[in-house]
Amino acid sequence: MAKQTISLDKAWHGIHFLLTGTAWEVKGPAGQAILGGREFGEDMGYGPARVLSVAQVKAIAEALAKITPENLSVRYSPDAMTKAEIYPTIIWNREGPEALVFLLNYYKPLVTFYRRAAEKGQLVVIAIT
């Protein structure tokens, strides 16, 4: 079975915040997309890698499919993101609306990634380095 990969670059934490309203909490299936799963192995910079089961991947894909870029745009708050220390902390107020565009450019491929993984019945391994 062919594997697929995705890199969220520096958008991972901002997308997580838009999905959950928190810096580190994993809330609901959509909140598991970036910080969910069972930890395994050594710390890779932001903790150990994590694995999501096939059932979790399916639930995440279904949840993300219901969250549009417009939904995320409403949740975007440079002040709140700076206060919550969302990585990279310096850009939210400095870049304003351009930082939102940056996040949304990574969100669409994330939705596609989970949809494809769910369709193929795949596990997902998450590593933030």
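Residues numbered from 1 in each chain as written. Predicted model: local features only at pLDDT ≥ 70, side-chain atom pairs only at ≥ 80, totals over all residues. Heavy atoms only, no water.

Q: Please set out the pairing of strand β2 (residues 48-52) residue by residue, giving values where relevant.
A: With five of five residues buried, β2 lies mostly within the body of the structure. Hairpin connection from strand β1 (residues 38-43) to β2: four residues lie between these consecutive antiparallel strands, with glycine 45 at a positive phi of about 125 degrees. The pairing of β2 with strand β3 (residues 124-126) spans three bridges and is antiparallel. Counterpart to valine 51 in the pairing with β3 is valine 125. (Buried < 20%, exposed > 50% of the residue type's maximum accessible area, 1.4 Å probe, protein only. Helix = DSSP H or I, 4+ residues; strand = E, 2+ residues; numbered from the N terminus. Pairing = 2+ DSSP bridges.)

Q: Can you explain helix α2 (residues 28-35)? Please cite residues and give values.
A: Taking burial as the measure, the eight residues of α2 include six buried ones, the bulk of the element. For α2, the set of buried residues is Ala30, Gly31, Gln32, Ala33, Ile34 and Leu35. Next to the buried residues of α2 lie α1 (12-20), β2, α3 (54-65), α7 (97-119) and β3. (Contact = heavy atoms within 4.5 Å.)

Q: An account of unusual backbone geometry is needed here, citing residue identities and associated values.
A: In this structure, proline 88 follows tyrosine 87 across a cis peptide bond, with omega equal to -15 degrees. Inspection of the secondary structure assignment puts proline 88 in the loop between α5 (78-83) and α6 (91-95). With a phi close to 50 degrees, aspartate 9 is a non-glycine residue in the positive phi region. Following the sequence through the fold, aspartate 9 ends up in the segment before α1. Overall, the relative accessible area of 44% leaves aspartate 9 in the partly exposed class. Here the phi dihedral of glutamate 85 falls at roughly 60 degrees; this positive angle occurs in a residue that is not glycine. Within the secondary structure, glutamate 85 is located in the loop between α5 and α6.

Q: How would you explain the layout of surface pockets if you had to name every residue and give the values?
A: Take a probe with the size of a water molecule and roll it over the atoms, and the empty space left behind shows itself. As a volume, the largest pocket reaches approximately 600 Å³. Together, 25 residues line the largest pocket, and Ile6, Ser7, Val125, Ile126 and Ala127 are the ones closest to its centre. Of all the secondary structure elements, the ones that give two or more residues to the lining of the largest pocket are α2, α7 and β3. Sort the elements by how many residues they give to the lining of the largest pocket and α7 lands first, with four residues. Its residues placed into classes, the lining of the largest pocket shows 17 nonpolar, five polar and three charged. (1 Å grid on protein atoms, 1.4 Å probe; cavity = no way out; pocket = protein on both sides within 12 Å on 5 of 7 lines; lining within 4 Å. Points joined across faces, edges and corners; volume = space filled by probe spheres on them. Nonpolar A, V, L, I, M, F, W, Y, C, P; charged D, E, K, R; others polar.)

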